[in-house]
Amino acid sequence: MAHYRQVGDVPPKRHTQHRDPDGNLYHEELMGEEGFSSDSSLLYHRGVPSAIVDSQVWELPDQSRTPNHPLKPRHLKLHDLETGPDAVTDRRVVLGNNDVRIAYVVTGTDPSALYRNAVGDECVFVEAGSGTVETVFGVLAYRAGDYVIVPRATDHRWVPAEPSRLYAIEANSHLHPPKRYLSRFGQLLEHAPYCERDLYAPTGTLVVSTGSIDDPADVEVHVKHRTSGGIVGSRLTYATHPFDVVGWDGCLYPYTLNIEDYMPITGKIHQPPPVHQVFEGWNFVVCNFLPRKVDYHPLAIPVPYYHSNVDSDEVMFYVGGDYEARKGSGIGLGSISLHPGGHAHGPQPAAIEASLGAEYFEESAVMVDTFAPLELGEGGRAVEDPAYAWSWAGRGPDEGDSPAVFSNS
Ligand SMILES: [Fe+2]
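None of these values were measured; they are calculated from a predicted model.

### Things to note about the overall build of the protein
Secondary structure assignment for the protein yields two helices and 27 strands. Relative to the 2.2 N^0.38 estimate, which gives 22 Å for 409 residues, the radius of gyration of the protein is 23 Å and therefore close to what a compact globule would have. In terms of overall dimensions, the protein has C-alpha extents of about 75 × 45 × 35 Å along its principal axes. Counting over 409 residues, the protein shows a buried share of 53%. Partitioning the contacts of the protein with sequence separation of at least 6, the portion at a separation of at least 24 is 75%. Here the protein has roughly 18,200 Å² of accessible surface; of this, 51% comes from carbon and sulfur atoms.

Pasting the structure below:
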């Protein structure tokens, strides 16, 4: 995120004395990416940000992954997935590889654990619900349709105002807008489908009064981090509350972008998925297919051609639209489809004819394309619809019925 922001109380010159009204020095912390060679922010803490008094193992939920073998397209029904209520600790892994994991949780209304993902940036899509995300940078409001971007190692917790369905895309890397959307200095260009006005970041600081340096109180932070053996968790106990930042400035901070503020790009003939891109991480991209006018060539075929993305696995999460009209379809709201590399996919022939003359698509979906194969997490394995793989042929080893295929995928 290359857009400079300043919130709260910062000194006029960096790395100089900055004191509270009683004359005590604040503790300056630099959060920076790629060593000291990329975006960073400077935060001014009341307490010492490194003062821990304990560290214990946090046993993460089942992180196991099962290869997609034998190779099949998959349909996972997330609305059948039951989870605990904590927005962080009760996430269930649906799909993943060594670059990104997709997890899902249906929250209650209690605040989540305090959390720091030291593995990578998170992009949490809010399928339903609203509330706030409290962070060391301040508070973000969230609502349905938001992408909540939380940079690696940002202390935060989710505070749902109502039960919320959260689709967590957890990167092992950083997330940012596609480089082709950006000027060489980082401004979003005119052809980008969203701009700086659409990004919402904290506008004020969040300072928790208890657990200050004058009033020590042990505060536990759940930290997800890396080892040579994979992703693990630790519970670090701090002498003071991490939400003690009186001011910060820089180009690294959490923010939200809502799909209603994403302006779809349309064409005279079918536009390929890259025009629908939102973010990119290392070895994967995030796109969204949103309600829009469709192709206006007189002989246009609005649904996609069959495509074999030989280098990618493609994950669609169906979040809006009139799926009730698709009686007999395996795909519905809350569904995930996984179309793996090595297998061509596209619409059923009947869907092609049915689309001719269409002027508008109502459906909404969030897509993740990965360059490395995805494996099934335990949550994905729990809610798989085994009939989906045979939907194009109309029959499989069990002679099952054929569900339809989403028009945009
Ligand atoms: Fe596709």
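There's more to say after this.
### What about the sheet that holds strand 21 (residues 284–289)?
Spatial strand order, 6-24-23-26-21-20: six strands in an open sheet with antiparallel pairing. The open sheet is flanked by strand 6 (74–77) and strand 20 (277–281), the only strands paired with a single partner. The mean inter-strand angle of the sheet, taken between neighbouring strand axes irrespective of direction, is 15 degrees. The pairing of strand 21 with strand 26 (residues 364–370) spans six bridges and is antiparallel. Counterpart to V286 in the pairing with strand 26 is V368.

### A word on the environment of G204
For G204, the position within the fold is in the loop between strand 15 (165–171) and strand 16 (219–227). Under the relative-accessibility criterion, G204 is labelled partly exposed at 30%. Put simply, G204 and V139 are 65 residues apart on the chain and 7.3 Å apart in space, counted from C-alpha to C-alpha. Not counting residues up to four positions away in its chain, the partners in contact with G204 are V7, F137, G138 and V139.

### A word on the coordination of the iron ion
Taken together, H307 (NE2), E314 (OE), E314 (OE) and H345 (NE2) make up the full set of protein donors to the iron ion, lying 2.0 to 2.5 Å away. Linear spacing of the donor residues for the iron ion on their chain is H-x6-E-x30-H. Taken as a pair, H307 in the loop between strand 22 (292–293) and strand 23 (313–320) and H345 in the loop between strand 24 (335–339) and helix 1 (349–355) lie far apart in primary sequence, 38 residues in all. For the pair shown, H307 and H345 are each scored as buried.

### Section: the side chain of H75
Along the chain, H75 turns up in strand 6. For H75, the residues in contact, after removing those within four places along its chain, are G330, I331, S335, I336, V383, E384, D385 and Y388.

### Structural notes on the packing of aromatic side chains
For any pair of aromatic rings, the description consists of the separation of the ring centres together with the inter-plane angle of the planes. Across all of its chains, the model carries 12 aromatic pairs by this definition. Ring geometry for W58 against Y115: centres 6.3 Å apart, planes inclined by 85 degrees, an arrangement best described as edge-to-face. Here Y115 lies in strand 9 (residues 115–117) and W58 lies in strand 4 (residues 52–58), a separation of 57 residues in the sequence. The exposure class assigned to W58 is buried, which follows from its relative accessible area of 7%. Relative to Y147, the ring of F125 has its centre 5.3 Å away and its plane inclined at 55 degrees; by these criteria the two rings are tilted. Residue F125 is found in strand 10 (residues 122–128), and its partner Y147 is found in strand 13 (residues 146–150); the two are separated by 22 residues along the sequence. Overall, Y147 belongs to the buried group, its relative accessible area being 0%. Through successive ring pairs, a cluster of aromatic residues spans F125, Y147, Y181, Y194, Y262 and F279.

What counts, and at which threshold
Residues numbered from 1 in each chain as written. Predicted model: local features only at pLDDT ≥ 70, side-chain atom pairs only at ≥ 80, totals over all residues. Heavy atoms only, no water. Helix = DSSP H or I, 4+ residues; strand = E, 2+ residues; numbered from the N terminus. Rg over C-alpha atoms; globule rule 2.2 N^0.38 Å. Buried < 20%, exposed > 50% of the residue type's maximum accessible area, 1.4 Å probe, protein only. Contact = heavy atoms within 4.5 Å. Areas by Shrake-Rupley, 256 points an atom, 1.4 Å probe, with all protein chains shown as cover. Pairing = 2+ DSSP bridges. Axes fitted to C-alpha atoms, helices over the stretch in contact; angles between N-to-C directions. Donors = N, O, S within 2.8 Å, 3.2 Å for Na, K, Ca; no water. Phe/Tyr/Trp six-rings, centres within 6.5 Å; stacked < 30°, edge-to-face > 60°.

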